[in-house]
Amino acid sequence: MGKCEQCIIKQFNSLKSLTKDELVRISNCKTSHTIKKGTVIFEEGDAINGVYCIKDGICKLSKLSENGKDQIVKMVVKGQLLGQRSLVSDENSNLQATALNDMEVCFIPKSEIIADLQKNPKFSFDILKDMAHDLKEADDIIVNMAQKSVRQRLAEALIYIHNSFGVNPDGTLSVLLSREDFANIVGTATESAIRVLSQFKKEGLISTIGKQIKIESIEGLKRIE
């Protein structure tokens, strides 16, 4: 089990603001987990009671609508914290977290980290900054759903995945998402997502290798209206 004070991952999230003594204490109480692709980490309504530090892998945060359709609201990646809201709220989770690929995570109990939130102003401020950023992203999603076409939203989703997660050696997107996942990201029916992706392919904006997608023209996707 790695030690928090020596872990490079903390540099990418709020844990970087903790002192060495705080990190040593947390390291002694955290638990490390390997999570297989497709595993539900927590569900809507669950009490999380802590935070997950993502050492490797990607998970999706989604919300089930009344008609039974998932809406993907965020993807959490290596270096980020999952469940930060549980530190400042006693509410149960309103989202479900599911591993998109095999993940390595460390779970830090709320009971151990809450004292640091109360005593370390820099740590508290960084947590609040991250939560404010999440709220901004949520605002952008609402505006996009209301004002942009499915083509625009899907083009932006492809660009976001390309820029955020990179590509494989063959140029395909490093994150393999199902067509249903793409539909759930942009808030449309799976059939509509499949149809728009086919249009993009015919227009030379993307190509496919099996289930993998390769972006052929970032600039072309940016011009989608």
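Residues numbered from 1 in each chain as written. Predicted model: local features only at pLDDT ≥ 70, side-chain atom pairs only at ≥ 80, totals over all residues. Heavy atoms only, no water.

Chemist: Mind showing me how you'd approach empty space enclosed by the protein here?
Modeler: To find leftover empty space, a probe the size of one water molecule is rolled over the atoms. In this structure the tally under the stated criterion is 1 cavity of 30 Å³ or more. Space inside the largest cavity adds up to approximately 40 Å³. Lining the largest cavity, in full, are Leu173, Val175, Leu176, Leu177, Arg179, Phe182, Lys211, Gln212 and Ile213. Looking at the lining of the largest cavity, the elements with two or more residues in it are helix H6 (179–186) and strand S10 (212–215). Residues that form the lining of the largest cavity fall into these classes: 6 nonpolar, 1 polar and 2 charged. (1 Å grid on protein atoms, 1.4 Å probe; cavity = no way out; pocket = protein on both sides within 12 Å on 5 of 7 lines; lining within 4 Å. Points joined across faces, edges and corners; volume = space filled by probe spheres on them. Helix = DSSP H or I, 4+ residues; strand = E, 2+ residues; numbered from the N terminus. Nonpolar A, V, L, I, M, F, W, Y, C, P; charged D, E, K, R; others polar.)

Chemist: Explanation requested: the domain arrangement of the chain in the structure shown.
Modeler: Interfaces are frequently sized by the accessible area removed from exposure as the parts join. One can read the domain layout of the chain as domain 1 (4–145) and domain 2 (149–223). The centre of domain 1, based on its C-alpha atoms, is set 26 Å off from the matching centre of domain 2. Between domain 1 and domain 2, the contact holds 12 residues from the first and 16 residues from the second. Both sides together, the interface formed by domain 1 and domain 2 hides about 1100 Å², and carbon and sulfur atoms give 59% of it. (Domains from an automatic or database assignment. Contact = heavy atoms within 4.5 Å. Buried area = accessible area lost by both parts, 1.4 Å probe.)

Chemist: Help me understand unusual backbone geometry in this model?
Modeler: The phi angle at Asn49 is positive, at roughly 60°, despite the residue not being glycine. Relative to the helices and strands, Asn49 is located in the loop between strand S2 (40–42) and strand S3 (50–56).

Chemist: Mind showing me how you'd approach the environment of Leu128 here?
Modeler: Among the secondary structure elements, Leu128 is positioned in helix H4 (residues 121–147). On the basis of relative accessible area, Leu128 is assigned to the exposed category, the value being 51%. Separated by 44 residues in sequence, Leu128 and Gln84 place their C-alpha atoms 9.2 Å apart. (Buried < 20%, exposed > 50% of the residue type's maximum accessible area, 1.4 Å probe, protein only.)

Chemist: Mind showing me how you'd approach the pattern of salt bridges here?
Modeler: The final tally for this structure, using the stated rule, is 11 salt bridges. Taking the shortest distance from any N to any O, the salt bridge between Lys60 and Asp181 comes out at 2.9 Å. With Lys60 in strand S4 (residues 58–64) and Asp181 in helix H6, this pair connects stretches of sequence that are 121 residues apart. Lys60 gets classed as buried once you look at its relative accessible area, which sits at 12%. Between Glu219 and Lys222 there is a salt bridge, with the nearest N and O atoms lying 3.5 Å from each other. Here the residue Glu219 and the residue Lys222 both occupy positions in helix H8 (residues 218–222), the gap between them amounting to 3 residues, near one helical turn. Accessibility expressed as a relative area gives 46% for Glu219, which makes it partly exposed. (Salt bridge = Lys/Arg side-chain N within 4 Å of Asp/Glu carboxyl O.)

Chemist: What is the right way to look at the layout of surface pockets in this model?
Modeler: In this structure, the largest pocket occupies an estimated 1100 Å³ of space. Every residue lining the largest pocket is counted, 41 residues in all, and those nearest its centre are Leu61, Lys74, Arg85, Leu95 and Asp134. Looking at the lining of the largest pocket, the elements with two or more residues in it are S4, strand S5 (70–77), strand S6 (81–82), helix H2 (85–88), H4 and helix H5 (150–165). Sort the elements by how many residues they give to the lining of the largest pocket and H4 lands first, with 10 residues. When grouped by side-chain class, the residues that make up the lining of the largest pocket number 19 nonpolar, 13 polar and 9 charged. Counting only domains with at least three residues in the lining of the largest pocket, you end up with domain 1 (4–145) and domain 2 (149–223). Volume-wise, the second largest pocket comes out at about 520 Å³. What lines the second largest pocket is a set of 18 residues, among which Val73, Ile141, Asn144, Tyr160 and Ile185 lie closest to the centre. The set of elements that each furnish at least two residues to the lining of the second largest pocket consists of S5, H4, H5 and H6.

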